[in-house]
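An overview of the molecular structure
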Amino acid sequence: MDEGKGYRLSGRNMEEKIIKGFIDVNWKLCTGCRLCEQACSLYHEGKIWPEASRIFILQFDPGPIEIPILCHQCSDHPCIEACPVKPEKAISINKKTGAVVIEQDKCLGIKCGRCAKACHHETAIRFHPETNKAINCDLCDGLPECAWICPSGALSFLPGQTFDGSHYAKRPEKIASDLAYQLFPANKLETDKRRDV
Amino acid sequence: MSGYMGKILDVDLSRNSYKILDLDMDIAKRFIGGRGLGAYLLWERLPAHADPLDKDAPLMFLLGPISGLLPGGAQLCTFFKSPETGVTLCHSIVGSHFGVELKSAGFDGIIITGKAERPVYLKIFDHDISFEDASHLWGKSTFNTEKILKKELNNHRVKMLSIGIAGENGVRFAGIQHDYYHSAARGGSGCLMGSKNLKAIVVKGSKGFDVAEPEEFYKVYNKIFEMLKRARTEERRGYYLVRWGSSAGSMWHSDVSELDVKNYREAHWEDIDKISGFEFERKSKVKNRGCYLCPFSCMQLGVIRDGKHAGRTATPDFDSTSTIGAGCLVTDHDGLIYLNSLGDELGIDNISLGNVTSFTMECYERGIITKDDLGGIDLTWGNVEAMEALWNLIVQRKGIGEILSLGVKKAAETFGKGAEHFAMHCKGLEFGAYATQAKHERGLQFAVGDRGGCHHYGLTIKEQNHRVMADSLLVCTWHRHFITPDIYMDALNAATGFNFAHSDWDLLAERFLILARAYNLREGIRPLKDDILPLRVHNDPLTSGPQKGAVYPIEKFKKDRENWYKIRGMNSEGIPTKEHLKELDLEFVIETLEKEGLYK
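Residues numbered from 1 in each chain as written. Chains lettered and ligands numbered in written order. Predicted model: local features only at pLDDT ≥ 70, side-chain atom pairs only at ≥ 80, totals over all residues.

1. Overview of the overall build of chain A
- Helix and strand counts for chain A come out as 5 helices and 8 strands.
- Starting at the N terminus and walking to the C terminus, you meet the elements of chain A as β-α-β-β-α-β-β-α-β-β-α-β-α.
- Here chain A has a C-alpha radius of gyration of 17 Å; the compact-globule value for 197 residues is 16 Å, and the two agree.
- Judged by the C-alpha coordinates and their principal axes, chain A covers about 60 × 35 × 35 Å.
- Burial analysis of chain A (197 residues in total) assigns 49% to the buried set.
- Pairs at least 24 apart in sequence give 71% of the contacts found in chain A among residues at least 6 apart. (Helix = DSSP H or I, 4+ residues; strand = E, 2+ residues; numbered from the N terminus. Rg over C-alpha atoms; globule rule 2.2 N^0.38 Å. Buried ≥ 20, exposed ≤ 12 C-beta atoms within 10 Å, placed from the backbone. Contact = placed C-beta atoms within 7 Å.)

Now the structure itself:
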């Protein structure tokens, strides 16, 4: 755990009571501003580093629509299953926060990449741009900075575990197309018929 | 290196080669970035009186020391000599995500010179740079170019700039599009990019950003974030930007009689409710979209719900709602949304395009041009289909489109018959959506602005300084209503380790503005002859609205202009005095201006 490595923009500290919980994503409220990426990388890396953020935004057509991607802490943990490191796996559950954490020293990195491939969300585990080790959302040790900073209300930290994370962890393309179906008139999308001249 | 990434990418398309230059930190400290640095680099790199479309004319994309680092720091400054005016320098600012991605790739800017043999796009993945074939993209709209490239690269996080058909065909007011709806369009950046056979620039970076004094910097960061977050609900401008976006401004500008209505003939319009922000919010709005790190996210993404263009998405803003909508008396809401989106897709400056269209409509109404001249188009006020047909001619530069693609100044010269009277431009750049008969300070701004009839120059000295500094630091100019200069100076110092005093804000701003003026003087602008307004502003009193009867009398205009020259350290002919140039650390321009015969 890299607690204390970086800055908490929220100013909170670890003396606050840690409650197990999860981050809810209300996809249609996301404006794509990426303040979450910034707050995340500041806490984990000590500087602004969008590519090293544990949460990140993908952009899809039509719209475009922005989808925040993060680890939803599924209870069946396909990532832990997939981790080949022995005798103790590199991925484990933090007892205090309930979050899936990846021990950077043990991780074999992008060359292995099995956890990322096993992920229900397909993209929630990414690789650090410098170390190439697997990284994911560890709920900022229980006080998630992204949910604190999100100005549009797309991200919220909810205490307790109402739903299994796997309900959230769908393929990003599917989330985007479902959202487009809701936001734009169905079957009338002109985007593929657009003229070039 | 702190704040800055310390590298500039210098690309020569003629040779398919590039160099990675070190950023000269002395120059960086003097000119900061963006609009300040751009003016300096253009002065140095482009010989005097060069053709703006010369193959060696630089097209620059510049960042600043705090861009990408704090809320509002999403901007990218495009800098070049304007192909539309032919003489002035031009900056064009675009928000969204390209700037931060370029910074992540490790660059403070890109300078593009030369001309590629065939259409290419430039791919920048960190310091891995390549020239890729773009022949399959040539002829594609900006939207489709983005879509195709994202698919080809199989990456949902790349950011790109691209030109559309207008830029390829050399329309003088073609723009560069980014992220579908964001444009760096004024002055013809897309025209210059097209002349270089450069279809797009794709960038993806993976670096993090260092700052000199992290503790101090993140304290300022938090202050800015908190102020902006509070402004979302507690400040009227913040509230309306979040709720309706800038297009709602067209109602308020109509209320106070300063909106472009009917090619600037009027300034107040009864029908504004049919097309402006409230109507859009009720009928079409889907969600807010934001620039990088902005808590406002003022772009209003909407969709046309039914009819011929159902399913088309758009994010109309104030400028296009006004010039294409009120300027051309369009009352069809969905039609306006469609045109707005079409302009982005064609890759054209919607402000100039709206101006050119309303100017042509007036010429048609007055019989200066006929239906035959227009190739059979019945270009009556508010006729959306006719406007679309005209735009097709303009972007393809066919028929009357050939003349109109040069902008209203050249078109008026060609048409004659008194068309100059209502060709609403200054120095060749069309007005930015404000009628100025009643709001004289807006008229003065158009006349003295460094890129021509520019709505972005600033009304007061304070505003002008703030805007040029924001464009050099590369922070959003809307945020000037919420964040004070001192806070930005603290951020600049903490990010870079410079030790500017708060009062240096005004000094730097004045330096950049005067350098821009010196550049224009070098290129042949003569203030008393060129810092002028079209006769409509002085001679056509408003006939309706609360300011009925108002004009900007020419004597008052001349007095206001002279007063502005004086405040800005210039003589009565609008030439900066040598003493003032020295005070601003701009001695290097004096010799050139002397050669131009400006100090007789």
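Anyway, onward from the coordinates.
2. Notes on the overall build of chain B
- Of the regular secondary structure elements, chain B holds 25 helices and 17 strands.
- By the compact-globule yardstick of 25 Å for 600 residues, chain B fits well, its C-alpha radius of gyration being 22 Å.
- If one aligns the C-alpha atoms of chain B with their principal axes, the spans along those axes are about 60 × 60 × 55 Å.
- Taken over 600 residues, chain B has a buried fraction of 62%.
- Taking the intrachain contacts of chain B between residues at least 6 apart in sequence as the baseline, contacts between residues at least 24 apart amount to 70%.

3. Describing the domain arrangement of chain B
All names here are of chain B.
- Taken domain by domain, chain B consists of domain 1 (7-204), domain 2 (244-423) and domain 3 (440-595).
- Averaged C-alpha coordinates put domain 2 and domain 3 at centres separated by 27 Å.
- Taken residue by residue, the interface counts 12 residues in domain 2 and 12 residues in domain 3.
- Partitioning the side of domain 2 that touches domain 3 into residue classes produces 6 nonpolar, 3 polar and 3 charged. (Domains from an automatic or database assignment. Nonpolar A, V, L, I, M, F, W, Y, C, P; charged D, E, K, R; others polar.)

4. Topic: the interface of chain B and chain A
- Taken together, the contact pairs 40 residues of chain B with 36 residues of chain A.
- Elements that contribute at least two residues to the side of chain B that touches chain A include exactly α3 (98-104), α4 (142-153), α7 (214-234), β13 (285-289) and β14 (299-303) of chain B.
- Per-class residue counts for the side of chain B that touches chain A are 15 nonpolar, 14 polar and 11 charged.

5. Quick word on the sheet that holds strand β7 (residues 120-125) of chain B
Residues and elements named next belong to chain B.
- Overall, mixed pairing links the 6 strands, which are arranged β8-β7-β12-β9-β10-β11 in an open sheet. Strands with a single pairing partner mark the edges of an open sheet, and in this sheet they are β8 (128-133) and β11 (182-184). If you compare each strand with its neighbour and ignore which way they point, the axes differ by 20° on average.
- Bridge count between β7 and strand β12 (residues 198-204): 6 bridges; the pairing is parallel. Paired with Tyr121 across the bridge in β12 is Ala200. (Pairing = 2+ DSSP bridges. Axes fitted to C-alpha atoms, helices over the stretch in contact; angles between N-to-C directions.)

6. Examining unusual backbone geometry
- Backbone torsion omega between Asp61 of chain A and Pro62 of chain A reads -10°, so that peptide bond is classified as cis.
- Within the secondary structure, Pro62 of chain A sits in the loop between β2 (56-60) and β3 (65-69).
- Along the chain, Lys86 of chain A connects to Pro87 of chain A via a cis peptide bond; the corresponding omega equals 0°.
- Inspection of the secondary structure puts Pro87 of chain A in the loop between α2 (78-82) and β4 (91-93).
- Although it is not a glycine, Tyr180 of chain B adopts a positive phi angle of roughly 70°.
- Of note, Tyr180 of chain B is situated in the loop between β10 (176-178) and β11.

7. Here we look at the sheet that holds strand β6 (residues 109-113) of chain B
Residues and elements named next belong to chain B.
- Ordered in space as β2-β1-β6-β3-β4-β5, the 6 strands form an open sheet in which the pairing is mixed. Looking at strand neighbours, the two that pair on one side only are β2 (17-22) and β5 (89-94), the edges of this open sheet. Each neighbouring strand pair of the sheet contributes to a mean axis angle of 15°, computed without reference to strand direction.
- Across 6 bridges, the pairing between strand β1 (residues 7-12) and β2 is antiparallel. Along β2, the bridge assignment pairs Ile8 with Leu21.
- Contacts from helix α2 (residues 34-45) reach β3 (59-62), β4 (76-81) and β5, with the element oriented near 25° to β4.

8. Section: the pairing of β6 of chain B
Residue and element names in this part refer to chain B.
- Of all the 5 residues making up β6, 5 are buried; the element is thus mostly covered by neighbouring parts of the structure.
- Here β6 shows a buried face lined by Gly109, Ile111 and Thr113 and a second buried face lined by Ile110 and Ile112.
- Bridge analysis of β1 against β6 gives 5 bridges, and the strand direction is parallel. Across the sheet, Asp12 pairs through a bridge with Thr113, a residue of β6.
- Relative to β6, β3 runs antiparallel, the two being bridged by 4 bridges.

9. Structural notes on the confidence of the model for chain A
- The predicted model of chain A averages 89 in pLDDT, with 92% of residues at 70 or higher.
- Looking across chain A, the model is least confident in helix α5 (residues 172-183) of chain A, with a mean pLDDT of 91, and most confident in strand β7 (residues 134-135) of chain A, with 97. (pLDDT = per-residue confidence, 0-100.)

10. Some words on helix α12 (residues 333-346) of chain B
Residues and elements named next belong to chain B.
- For α12, which comprises 14 residues, the first-to-last C-alpha distance of 20 Å matches the rise-based estimate of 20 Å (1.5 Å per residue) to within 8%.
- With 14 of its 14 residues buried, α12 lies for the most part within the structure.
- Two residues or fewer past α12, Gly347 is found with a positive phi of approximately 75°. (Expected span 1.5 Å × (residues − 1).)

11. Overview of α7 of chain B
Residue and element names in this part refer to chain B.
- Taking 1.5 Å of rise per residue, 21 residues should cover 30 Å, and α7 covers 29 Å from first to last C-alpha, within 8% of that figure.
- Listed in full, the buried residues belonging to α7 are Phe217, Tyr218, Val220, Tyr221, Ile224, Phe225, Leu228 and Ala231. Viewed along the axis of α7, the buried residues span an arc of 155°, placing them on a single side of the element. Opposite the buried face of α7, by more than 90 degrees, sit the exposed residues Glu215, Thr233 and Glu234.
- In this structure, the buried residues of α7 make contact with α8 (236-243) and α19 (485-496). (Arc of directions from axis to C-beta.)

12. Quick notes on the environment of Asp133 of chain B
- With respect to the element layout, Asp133 of chain B can be found in strand β8.
- Separated by 13 residues in sequence, Asp133 of chain B and Val120 of chain B place their C-alpha atoms 4.6 Å apart.

13. Considering the environment of Asp486 of chain B
- Residue position: Asp486 of chain B is located in helix α19.
- A sequence separation of 16 residues divides Asp486 of chain B from His502 of chain B, and the C-alpha atoms of the two residues are 5.5 Å apart.

14. Describing the pairing of β7 of chain B
Residue and element names in this part refer to chain B.
- Sheet topology places β7 next to β8; 6 bridges connect them, and they run antiparallel. Bridged to Phe125 within β8 is Asp128.
- The turn joining β7 and β8, which pair antiparallel and follow one another in sequence, is formed by 2 residues; a positive phi near 50° is taken by Asp126.

15. Observations regarding the packing of helix α13 (residues 350-365) of chain B against helix α16 (residues 408-415) of chain B
All names here are of chain B.
- Two numbers describe how α13 lies on α16: the axes approach to 10 Å, and their chain directions differ by 20°. Taken together, the axis directions place α13 and α16 in an arrangement best described as roughly parallel. Pair α13 / α16 crosses with right-handed handedness. For the pair α13 and α16, contact is made by Asn355, Val356, Phe359 and Cys363 and by Val408, Ala411 and Phe415, respectively.
- Class assignment for the residues of the contact of α13 with α16 results in 6 nonpolar, 1 polar and no charged. (Parallel < 35°, antiparallel > 145°, perpendicular 65-115°, else oblique. Left-handed = near helix turned anticlockwise from the far one by under 90°.)

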